[in-house]
Amino acid sequence: MIQVILDAEALAKTRFVVSPLNEVGATLLAWKHQPRPQARPLLTRARAALRGPEVPLLSALAGAGSGYVPDFLFPHPEGPAPSVAEQLEQVAGTPGERVEAELEALTRGRPLAGLAPSDSPDVVAALLAAGGRQLAEQAAVELRHFWRLVVAPEWDAARAVLEADVAHRARTLALHGAGELIPSLHPDLGWDGRALRIESRYYVTLPAPLVVFVPSLVATGVGTAIDPVYRLEPRPPVITYPAVPSAPTAAPASADLRRLLGVTRADLLATLTAPATTGTLAQRHYLTPPTVSYHLGILLRAGLVTRERAGREVRYARTERGTRLAVTGS
């Protein structure tokens, strides 16, 4: 079990972040496992990309076998919604000393914490011969290629779902506090008022100045990034949890509502407990955006939803009539 000790100040600083490179990291760690339904196309592309010649460093590190992928590949998110360009710049600028220290941790493991050594020490040793600074720059180039090939095609829709999940968590925190928020993220997370407990095969207890929670559409469980490099300035833990595509939760559409509107339109109306974009709704219902747009157009003309532009996004929300119909059927 991992225990992260958080005092009142640390808990106050704890935050949620939507991170592009964190989703890349979840992809590299999850591609060998049974994927979530919405992640299958992405992981199919990831498998193909990792077999290609353009990402030898990522291939070697993802296949090292210890369960640890060096943290410098997925830097600590700066701000609530860093862009992929900003994060790639962070990767390229990683000090060589940190790159080398993290690869050393990968090679030797951390036996007392339950982290096994790499299954491919010779591969890691060959990487280290190139020098930490050069590896950081190479990693940024490979991550950019992997991002464009694997994650970027679906990122706009994925980001909308992740942002909706964070908004849902913010409401839970505001209404019920951290004691209910943290366990709601995943059954493997617990909070006793003093320590964040994470069910894990690793054994670590450490104080932290804050924790960063990152939702993911790829992760099937909780992933905890705890800095294994003790001699350098430690990084706060980053905890990845599976985002709920249908958050916030809603009661399913009734049989009467489905008969009245049709299954797809009834389910869309029932889901709209908060404003959402076409991309978000497509992810929640595993539909294509054009299909969702078609059905929303019918609901709009019927006066059951409204449409409002927010920046570059268009969000749909239920009208009073739509809510009454979805909740009471009248």
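Residues numbered from 1 in each chain as written. Predicted model: local features only at pLDDT ≥ 70, side-chain atom pairs only at ≥ 80, totals over all residues. Heavy atoms only, no water.

Participant: What exactly am I supposed to notice about the overall build of the chain here?
Facilitator: The number of helices and strands found in the chain is 14 helices and 11 strands. Considering only intrachain contacts with a sequence separation of at least 6, the fraction spanning at least 24 residues in the chain is 72%. Total accessible area computed for the chain in this model is approximately 15,500 Å², and 56% of it derives from carbon and sulfur atoms. (Helix = DSSP H or I, 4+ residues; strand = E, 2+ residues; numbered from the N terminus. Contact = heavy atoms within 4.5 Å. Areas by Shrake-Rupley, 256 points an atom, 1.4 Å probe, with all protein chains shown as cover.)

Participant: So what exactly am I meant to see when it comes to the packing of helix α6 (residues 96-108) against helix α8 (residues 132-176) here?
Facilitator: Between two packed helices, what matters for the description is the angle formed by their axes and the separation of those axes. The geometry of α6 relative to α8 is characterised by a closest axis approach of 7 Å and an angle of 85° between their N-to-C directions. With respect to α8, the element α6 is oriented roughly perpendicular. Contacts between α6 and α8 involve Gly 96, Val 99, Glu 100 and Leu 103 on the former and, on the latter, Gly 132, Arg 133, Leu 135 and Ala 136. Tallied by class, residues from the contact of α6 with α8 come to four nonpolar, two polar and two charged. (Axes fitted to C-alpha atoms, helices over the stretch in contact; angles between N-to-C directions. Parallel < 35°, antiparallel > 145°, perpendicular 65-115°, else oblique. Nonpolar A, V, L, I, M, F, W, Y, C, P; charged D, E, K, R; others polar.)

Participant: How should the pairing of strand β1 (residues 2-5) be read in this particular structure?
Facilitator: It is a general feature of regular strands that their side chains alternate between the two faces of the sheet. The sheet contact formed by β1 and strand β4 (residues 195-198) spans four bridges and is antiparallel. Bridged to Ile 2 within β4 is Ile 198. Across four bridges, the pairing between β1 and strand β5 (residues 204-207) is parallel. Each residue of the ladder has a partner; that of Ile 5, found in β5, is Pro 207. (Pairing = 2+ DSSP bridges.)

Participant: I keep staring at the nonpolar core and nothing clicks. Help me out?
Facilitator: Soluble globular proteins: nonpolar side chains tend toward being buried together. Ranked by size, the top nonpolar core spans 45 residues in total, and within it Val 24, Leu 73, Leu 143 and Phe 146 carry the most contacts. The set of elements that each furnish at least two residues to this core consists of α2 (20-30), α3 (40-50), α4 (56-62), α5 (84-92), α6 and α8. A total of 13 residues in this core trace back to one element, the largest contributor, which is α8. Ignoring sequence-local partners within four residues, the contact set of Val 24 consists of Phe 74, Leu 143, Phe 146, Trp 147 and Val 151. (Core = buried A, V, L, I, M, F, W, Y, C linked by side-chain atoms within 4.5 Å. Buried < 20%, exposed > 50% of the residue type's maximum accessible area, 1.4 Å probe, protein only.)

Participant: What exactly am I supposed to notice about α8 here?
Facilitator: Since the α-helix turns once every 3.6 residues, residues separated by three or four places project in the same direction. Helix length check: α8, at 45 residues, gives a terminal C-alpha distance of 45 Å against a target of 66 Å (1.5 Å per residue), a shortfall beyond 12%. In the structure, α8 departs most strongly from a straight axis at Trp 155, where the bend amounts to approximately 65°. Backbone geometry just downstream of α8 places Gly 177 in the positive-phi region, at approximately 90°. (Expected span 1.5 Å × (residues − 1). Bend = angle between axes of the 7 residues up to and from the residue.)

Participant: Looking at this structure, I do not really get the pattern of salt bridges. What am I missing?
Facilitator: Once the charged atoms of two side chains with opposite charge are near each other, the side chains can pair. The tally for this structure, following the rule as stated, stands at 10 salt bridges. Of the charged contacts in the structure, one is a salt bridge between Glu 102 and Arg 98, with a shortest N-O distance of 2.8 Å. Here the residue Glu 102 and the residue Arg 98 both occupy positions in helix α6, the gap between them amounting to four residues, near one helical turn. As far as the burial class goes, Glu 102 and Arg 98 line up, both buried. For the salt bridge of Glu 137 with Arg 133, the shortest nitrogen-to-oxygen distance reads 3.7 Å. (Salt bridge = Lys/Arg side-chain N within 4 Å of Asp/Glu carboxyl O.)

Participant: Got a minute to help me understand the sheet that holds strand β10 (residues 305-310) in this structure?
Facilitator: Hydrogen bonding along the main chain pairs the strands of a sheet, whether they run parallel or antiparallel. As summarised here, the arrangement of the three strands in space is β9-β11-β10, forming an open sheet in which the pairing is antiparallel. The two strands at the open ends of the sheet, each matched to only one other strand, are β9 (276-277) and β10. As judged from the two bridges shared by β9 and strand β11 (residues 313-318), these two strands associate in the antiparallel manner. Among the inter-strand pairings, Thr 277 is bridged to a residue of β11, identified as Arg 315.

Participant: Looking at this model, I keep getting lost on the sheet that holds β4. Mind explaining?
Facilitator: As summarised here, the arrangement of the four strands in space is β3-β4-β1-β5, forming an open sheet in which the pairing is mixed. Single-partner strands in this sheet number two, and they are β3 (189-191) and β5. Across the sheet, the mean angle from the axis of one strand to that of its neighbour is 15°, orientation sign disregarded. Across the sheet, helix α9 (residues 178-185) is in contact with β3 and β4; its angle to β3 comes to roughly 165°.

Participant: Just to check I follow, could you spell out the layout of surface pockets for this structure?
Facilitator: To find leftover empty space, one rolls a probe the size of a water molecule over the atoms. Size it by volume and the second largest pocket reaches roughly 270 Å³. As for the second largest pocket, its lining consists of Asp 156, Ala 157, Arg 159, Ala 160, Thr 277, Thr 278, Gly 279, Arg 312, Glu 313 and Val 314. Of all the secondary structure elements, the ones that give two or more residues to the lining of the second largest pocket are α8, α12 (278-285) and β11. With four residues, α8 is the single largest residue contributor to the lining of the second largest pocket. (1 Å grid on protein atoms, 1.4 Å probe; cavity = no way out; pocket = protein on both sides within 12 Å on 5 of 7 lines; lining within 4 Å. Points joined across faces, edges and corners; volume = space filled by probe spheres on them.)

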